[in-house]
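Take a look at the letters that make up each chain.
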Amino acid sequence: MGATSGVTVAVIGAGYVGLTTAACLSSLGHHVVCADVDQEKVDALRRGEATIREPGICELVVDGLASGRLEFVLGASAAAAGADIVILCVPTPMGATGAADLTALESVVTEVRDLLPHGCVVVNKSTVPVGTAAHVSALIDRADVAVVSNPEFLREGFAVHDFLNPDRIVVGSADRDPVPARRVAALYEHLDTAVLVTDSSSAELIKYASNCYLATRLSFVNTVAELCEYLDASIDDVTAGMGYDDRIGKAFLRPGPGWGGSCLPKDTFALLRTAESAGSDFALLRAAIDTNVKQQELVVAKVRKAAGGDLAGVRIGLLGLTFKAGTDDLRDSPSLAIAARLAAEGAELSGYDPSVHAPVPGVTDDVRIAGTAYHAAKGAAALVLLTEWPEFRDLDWGRIADRLHGRAVIDTRNLLDPLTVARTGLSYQGIGRPGSTRAPAVAMVAQAG
Ligand code: UGA
């Protein structure tokens, strides 16, 4: 991108969404001033050091700094004062009731409202409850400042890719006012994608409905996987067959130990609370959440069975602690939830994760962190694969078999080749893969003609 757009954007919050937004918008030609309250973070970013683990982010930060289009400042006021558009990317964690906690958002808005230049547009990019744009607008209380909802749909580990190659851009303004909506949509004009302009409540709900649909889809798949075990069917084949239907699609059909991370659990609870407050019973969503808890219990039951029915004092090896592969994020990780359940039954846990090199106090307390997968397996009655790090496929399974005390390998991600594991004398169990060592999981037969 050569010339600058002439638009100055303030991004408030240099976390995973904020930093990705700031770096990508500067790469699209806008002048971006990104603010954070953490002096150390600001200093690191000014030196060109990425403070989040995302492929491509470091290069964009370095390029942005070099071009002069990307700056980092301490505090929201310093960024907001000269901005045409102020994008709020502050955390909205889950509060005690399951509803989103808007304290950080409200405090930033209160801090900057009198500093905002005339005609400025304030954008909510954080995932916020339906009605928050109207609430922010009331807090700002200025007729010359519009508030627009522009939710992000970034996956951790693919944030830069998803920002620059979006499936859609959603922009919601009060009463569908096209003027501020167009100004926000123009930030993305170099991206080849659909832009949906709507009212702010609909935009806010699109974000929640998308994440909650994905969570529900996974709970559905995990339940079908359980059914496969009763019916002697293969979830690999069932989801492959479902995925050919364009109305269903192939993505997001992998069974697992339950869904987790910083978004899906928080957003499902928040939408449930929103529905309750609106007087609506979102029973399907509640079932999706309950099914997710049950999925963790099913994994624990498999491990307990493999250990002979009692986990007290039994050593169990764990492969993978993060909520998914390609991240070092342990927030709401199903691996750790399962570890906590196993530890509560008295199991002694040794876990290896390629991105976790030391214990994280208060987070990984149930697990002794092992330096390699082989160390995690040493003396264990069972080895449980919980995160789908591709490198686990390439482990020396003969060496693992030598290290393990018991024979059970429980693959909650269906990542491993059952035959490779079984050949070493180990007993393989996946999720929804009964009899998986009898024949290749998916047999494709080409049709003649
Ligand atoms: C999710 C959404 O996918 C993003 O679109 C959204 O922007 C983001 O939340 C957010 O709200 O910020 P992310 O939390 O990075 O992104 O994680 P996903 O890749 O969606 O995975 C969520 C969970 O589902 C993980 O525990 C993952 O292991 C699990 N999963 C995913 C499966 O078990 N099977 C699948 O087929 C896919």
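Residues numbered from 1 in each chain as written. Predicted model: local features only at pLDDT ≥ 70, side-chain atom pairs only at ≥ 80, totals over all residues. Heavy atoms only, no water.

Going by what an unreviewed UniProt entry lists, the protein chain is known as UDP-glucose 6-dehydrogenase and is assigned to Amycolatopsis keratiniphila. In its Catalytic activity (unreviewed entry) section, UniProt records this for the protein chain: "UDP-alpha-D-glucose + 2 NAD(+) + H2O = UDP-alpha-D-glucuronate + 2 NADH + 3 H(+)". Quoted verbatim from the Pathway (unreviewed entry) field of UniProt, the annotation for the protein chain is "Nucleotide-sugar biosynthesis; UDP-alpha-D-glucuronate biosynthesis; UDP-alpha-D-glucuronate from UDP-alpha-D-glucose: step 1/1." (UniProt positions renumbered as here; feature names shortened; annotations may be inferred.)

Caption draft 1: Structural context of a nonpolar patch on the surface. On the surface, a cluster of nonpolar side chains totalling about 370 Å² of accessible area is made up of L227, Y230 and L231. Residue L231 is classed as exposed on the basis of its relative accessible area of 59%. (Patch = residues over 30% accessible without salt bridge, like charges linked within 9 Å, V, L, I, M, F, W, Y side chains within 5 Å. Areas by Shrake-Rupley, 256 points an atom, 1.4 Å probe, with all protein chains shown as cover. Salt bridge = Lys/Arg side-chain N within 4 Å of Asp/Glu carboxyl O. Buried < 20%, exposed > 50% of the residue type's maximum accessible area, 1.4 Å probe, protein only.)

Caption draft 2: Layout of the pattern of salt bridges. In total, this model carries 19 salt bridges according to the counting rule given. Here E229 and K302 are joined by a salt bridge, their closest N and O atoms 2.6 Å apart. In this pair, E229 is assigned in helix α9 (residues 200-231) and K302 in helix α12 (residues 283-306), connecting sequence segments 73 residues apart. With a shortest N-O distance of 3.9 Å, E388 and R254 are connected by a salt bridge. Within this pair, whereas E388 is found in the loop between β12 (382-385) and α15 (397-403), its partner R254 is found in the loop between α10 (235-243) and α11 (264-277), the two being separated by 134 residues in sequence. Classification of E388 as buried rests on a relative accessible area of 14%. It is possible to trace a salt-bridge network through shared partners that takes in E156, D329 and R331. (Helix = DSSP H or I, 4+ residues; strand = E, 2+ residues; numbered from the N terminus.)

Caption draft 3: Inspection of the packing of aromatic side chains at higher detail. All chains considered together, the criterion is met by two aromatic pairs. With centroids separated by 5.9 Å and ring planes inclined at 45°, the aromatic side chains of F163 and Y188 adopt a geometry described as tilted. Separated by 25 residues along the polypeptide, F163 in helix α7 (residues 159-164) and Y188 in the loop between α8 (178-186) and β8 (194-199) bring together distant segments of the chain. Here F163 and Y188 have matching classes, each one buried. A cation over an aromatic ring shows up here: R155 above the ring of F158, its NZ or CZ 4.2 Å from the ring centre. (Phe/Tyr/Trp six-rings, centres within 6.5 Å; stacked < 30°, edge-to-face > 60°. Lys NZ or Arg CZ within 6 Å of the ring centre and 35° of its normal.)

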